[in-house]
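Residue strings, one per chain:
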Amino acid sequence: MSPADLTKLSKLLDSLSRHYSKLQDMENEKTKALMSGDIDALNKLMNDEQAVLMECHNTEEARKKLCINSKYKTLGELMESSEEYGCLLGPVFKKLSDTLNSVKKANMLNMRLLEVRKSTTSYLLEHIGISDQETGYKKSVRVKA
């Protein structure tokens, strides 16, 4: 890989790290919205998240295009192939990996919070006599007396 391509790859990885850092912040905001039950804030965050995910996708596609003709299958292999590559890419790769792990943890917490909310809502609806099938946009709702 040429020095120019390595520099470009390093910049792409740094860009990905910044995008995922934005997602991390959004996940933390979603946690607050889920805990407070603020549906409007959650909807706005989810809409904003779509734009950041598109940025991530586009940056990842640029990275793939840059690396498509590389003899190395993974970034790990590339970094291990020479000390120079490892020194240039190692820190930004670690930062990206750490950020991705943080996003995953926050996302898993939010999924658990959603599951708890869903279970609580289903339980309450069941005990007031409304089944899960009747919670859609139907005109008739049966309530047990």
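J.: Would you mind going over the overall build of the chain with me for this structure?
T.: Per the secondary structure count, the chain includes 4 helices and 0 strands. Mapped in sequence order, the helices and strands of the chain form the string α-α-α-α. By residue count, 28% of the 145 residues in the chain fall in the buried class. Taking all contacts inside the chain whose residues are at least 6 apart in sequence as the whole, residues at least 24 apart take part in 69%.

J.: Could you clarify how one ought to interpret the pattern of salt bridges in this entry?
T.: Think of it this way: side chains of opposite charge can pair up when their charged atoms draw near. This structure, assessed with the given rule, holds 10 salt bridges. Residues D48 and K44 are paired through a salt bridge, measuring 2.7 Å at the closest nitrogen-oxygen approach. In this pair, D48 and K44 are both assigned in helix α2 (residues 39–67), 4 residues apart and thus about one turn of the helix distant. Between K94 and D98 there is a salt bridge, with the nearest N and O atoms lying 2.9 Å from each other. One end of the pair is K94 and the other is D98, both in helix α4 (residues 83–127) and 4 residues apart, which spans about a single turn. It is possible to trace a salt-bridge network through shared partners that takes in D14, R18 and K95.

Criteria and cut-off values
Residues numbered from 1 in each chain as written. Predicted model: local features only at pLDDT ≥ 70, side-chain atom pairs only at ≥ 80, totals over all residues. Heavy atoms only, no water. Helix = DSSP H or I, 4+ residues; strand = E, 2+ residues; numbered from the N terminus. Buried < 20%, exposed > 50% of the residue type's maximum accessible area, 1.4 Å probe, protein only. Contact = heavy atoms within 4.5 Å. Salt bridge = Lys/Arg side-chain N within 4 Å of Asp/Glu carboxyl O.

Just geometry here; none of it tells us what the structure is for.
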